[in-house]
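These are the residues of each chain, in order.
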Amino acid sequence: MLRVVLLGASNLKMGFPQVLSCLPGPVEVLAALGHGRSYGTWSRLAWVRQLPGIVQCGLWEELERRPPLPAVALLTDVGNDLLYGAPVPVIAGWIGTCLERLARQRAEIIVGLLPIPSLEKVSALRYHLVRHILFPGRRAAPWSAMLESARELNESLRRLGLEHGARLVEPSPSWYGMDPIHVRRSRRRQAWNEILRHPLLAGEGEWEWEGGRLPLFGAAELKLFGLPLRNPQPVCRWKDGSTVALY
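Figured I'd write up the structure that's included with this text. (Residues numbered from 1 in each chain as written. Predicted model: local features only at pLDDT ≥ 70, side-chain atom pairs only at ≥ 80, totals over all residues. Heavy atoms only, no water.)

The next point concerns the sheet that holds strand S8 (residues 221–224). Overall, antiparallel pairing links the four strands, which are arranged S3-S4-S8-S9 in an open sheet. Only two strands of the sheet have a single partner each, and these edge strands are strand S3 (43–45) and strand S9 (227–230). Sheet twist, expressed as the average angle between the axes of neighbouring strands with direction ignored, equals 30°. The pairing of S8 with S9 spans four bridges and is antiparallel. Within the sheet, the bridge partner assigned to Leu-224 lies in S9 and is Leu-227. (Pairing = 2+ DSSP bridges. Helix = DSSP H or I, 4+ residues; strand = E, 2+ residues; numbered from the N terminus. Axes fitted to C-alpha atoms, helices over the stretch in contact; angles between N-to-C directions.)

Right under this line is the structure:
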């Protein structure tokens, strides 16, 4: 049995079917993901769904509880917290905490860097339009300052990844279109095949689980319209013993 830990936000959420198809079974998946997900604080999607910060979610307690297994971990989609107004050193601290915890699990770590070349092509007007659509109601720094913060965060991410022996993945500009932060649908399989290239993940997954599709609001802890909800984990099981748990 292989354990795979997946940490990310909207790209990971939208590409989850492709991600699962990259994983050989049997495999135990623990994932903390979601649109607009923050690494350090509760985040809200369209005033409807709230999820805890990845650092605070129950994934880490569950990892400590489970017996050791060979493990691969992916940490990606770092950047939402810049739009939430968190300073780069604070975000880097959250990322460092996640990497330290993964290292204690002796996981083979993959870190997805920010798509800086794609971001550098964005105009100030386009930035404000995208920010207004994806992060409504939040005040944000001017585009020049935000881009400089993104570069600084990317260098912190690179440094922290190297300190923990992670494989760093530079996103290809060809993965992105008009949207500078989300991988195009037509390039998702190519992107995830590259991101998850690792000897432990060699092989093909057979992801036709018994419980149907992953539930839309299946995380272990969340809030809907402000009301706290809890869901038992794992949310899906496969005939070969594979599981997916969401946090």
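Don't stop here, the text continues.
What follows concerns the sheet that holds strand S7 (residues 167–169). Read across the sheet, seven strands follow the order S7-S6-S5-S1-S2-S11-S10 without closing on themselves; strand pairing throughout is mixed. If you trace the sheet from one side to the other, it starts and ends with S7 and strand S10 (236–237), each paired once. In the sheet, S10 pairs with strand S11 (residues 243–246) via two bridges, with the strands oriented antiparallel. Within the sheet, the bridge partner assigned to Cys-236 lies in S11 and is Val-244.

Within the secondary structure, Gly-218 is located in the loop between helix H9 (188–195) and S8. Gly-218 sits in the buried class, given a relative accessible area of 4%. Counting along the chain gives 14 residues from Gly-218 to Pro-232, while the straight-line C-alpha distance between them is 8.4 Å. Excluding residues within four positions of it along the chain, Gly-218 makes contact with Asn-231, Gln-233, Val-235 and Leu-246. (Buried < 20%, exposed > 50% of the residue type's maximum accessible area, 1.4 Å probe, protein only. Contact = heavy atoms within 4.5 Å.)

This brings us to the packing of aromatic side chains. Under the definition given, this model contains zero aromatic pairs. Residue placement shows Lys-223 over the ring face of Trp-42; its charged tip is 4.7 Å from the ring centre. (Phe/Tyr/Trp six-rings, centres within 6.5 Å; stacked < 30°, edge-to-face > 60°. Lys NZ or Arg CZ within 6 Å of the ring centre and 35° of its normal.)

Let us look at the environment of Cys-22. Note that Cys-22 resides in the loop between helix H2 (16–21) and strand S2 (27–32). Expressed as a C-alpha distance, the spacing of Cys-22 and Ala-202, which sit 180 residues apart in the sequence, is 8.1 Å.

This next bit is on the state of the cysteines. The tally for this structure, following the rule as stated, stands at zero disulfides. Cys-57 carries a free sulfur, and the closest cysteine sulfur to it, the one in Cys-98, is 7.9 Å from it. Judged by relative accessible area, Cys-57 falls into the buried class, the value being 5%. For the unlinked cysteine Cys-236, the closest cysteine sulfur is that of Cys-22, found at 18 Å. (Disulfide = S-S within 2.5 Å.)

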